[in-house]
Amino acid sequence: MKNKLIENFEKRVFKQDRIHPSFRPGDTIKVSYKIEEGTAKEGESKKYRIQVFEGVCIRKRKGFVDGSFTVRKIGANSVGVERVFPLCSPYVDNIEVLAAGLVRRSRLFYLRELTGKSARIKTRRFKQGEVTKTKLTSAEAQAESSAKLKAAKEEKKSRSKSKAPKKKK
């Protein structure tokens, strides 16, 4: 368990405006990652391009600031490539879940030794209305949270009205 002081610092510094979709090991995901191009001269802004890394999530480490996930894909010449992405990184632009995998383990390191058809993962179907989009701007996230708060307040008011004692005539 972390120290309370460290947790408070992380909450203050790393705002939770990034909402990633819920995914788990075995899912095929597409990660859009910002990569800095070249070297920026003094006074110039840095140039970024987005590189997409698509593969199977073989590990997900829980946590907010220290959380990460590992994605494995088969590159050129049938060479396996793995990449670890931090969840809280400003360089992770977008995460999209392409297919959900049906596995019974939390770490799929056994896929490293498998090739061809034996390395396939069975697919599980998405539930109706399950969110697979990732990117919400901070304004959209604030609007969504304020709408939830308003709905909760209205529900609380309607409950208090129904619990109020009726006046006698």
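Predicted model only: the values in this text are computed from it and were never measured.

How each quantity is defined
Residues numbered from 1 in each chain as written. Predicted model: local features only at pLDDT ≥ 70, side-chain atom pairs only at ≥ 80, totals over all residues. Heavy atoms only, no water. Helix = DSSP H or I, 4+ residues; strand = E, 2+ residues; numbered from the N terminus. Buried < 20%, exposed > 50% of the residue type's maximum accessible area, 1.4 Å probe, protein only. Areas by Shrake-Rupley, 256 points an atom, 1.4 Å probe, with all protein chains shown as cover. Contact = heavy atoms within 4.5 Å. Pairing = 2+ DSSP bridges. Salt bridge = Lys/Arg side-chain N within 4 Å of Asp/Glu carboxyl O. 1 Å grid on protein atoms, 1.4 Å probe; cavity = no way out; pocket = protein on both sides within 12 Å on 5 of 7 lines; lining within 4 Å. Points joined across faces, edges and corners; volume = space filled by probe spheres on them.

A. Seen up close, the overall build of the protein. For the protein, the count of helices and strands is 2 helices and 6 strands. Of the regular secondary structure in the protein, the N- to C-terminal order runs α-β-β-β-β-β-β-α. Looking at the protein as a whole, 22% of its 169 residues qualify as buried. Per element, the accessible surface of the protein, about 13500 Å² overall, is 52% carbon and sulfur.

B. View of the environment of Thr28. Assignment of secondary structure puts Thr28 in strand E1 (residues 28-37). Overall, the relative accessible area of 23% leaves Thr28 in the partly exposed class. In contact with Thr28, not counting residues within four places along its chain, are Gly55, Val56, Glu96, Val97, Leu98 and Ala99.

C. Spotlight on the sheet that holds strand E3 (residues 68-74). Pairing in this open sheet of 6 strands is antiparallel, and the strands run E4-E3-E2-E1-E5-E6 from one edge to the other. Unpaired on one side and paired on the other, strand E4 (80-86) and strand E6 (123-124) mark the two borders of the sheet.

D. Focus on the pattern of salt bridges. Enumeration according to the criterion identifies 5 salt bridges in this entry. Across the salt bridge formed by Asp27 and Arg124, the nearest N and O atoms sit 3.3 Å from each other. In this pair, Asp27 is assigned in the loop between helix H1 (4-13) and E1 and Arg124 in strand E6, connecting sequence segments 97 residues apart. Pair check on accessibility: Asp27 and Arg124 agree, each one buried. The partner of Glu36 in a salt bridge is Lys46, with the nearest N and O atoms 4.0 Å apart. Here Glu36, found in strand E1, pairs with Lys46, found in the loop between E1 and strand E2 (47-61); they are 10 residues apart in sequence, far enough to count as distant.

E. A look at unusual backbone geometry. Not every positive phi belongs to a glycine, and Asn77 is a case in point at roughly 60 degrees. Structurally, Asn77 can be placed in the loop between E3 and E4.

F. Quick look at the layout of surface pockets. Within this model, the largest pocket holds a volume of roughly 440 Å³. In terms of lining residues, the largest pocket is bounded by 24 residues, among which Val56, Arg72, Ile74, Ala119 and Arg120 are the most central. Considering every element that reaches the lining of the largest pocket, the biggest residue donor is E2, with 4 residues.

The values are spatial; any link to function lies outside them.
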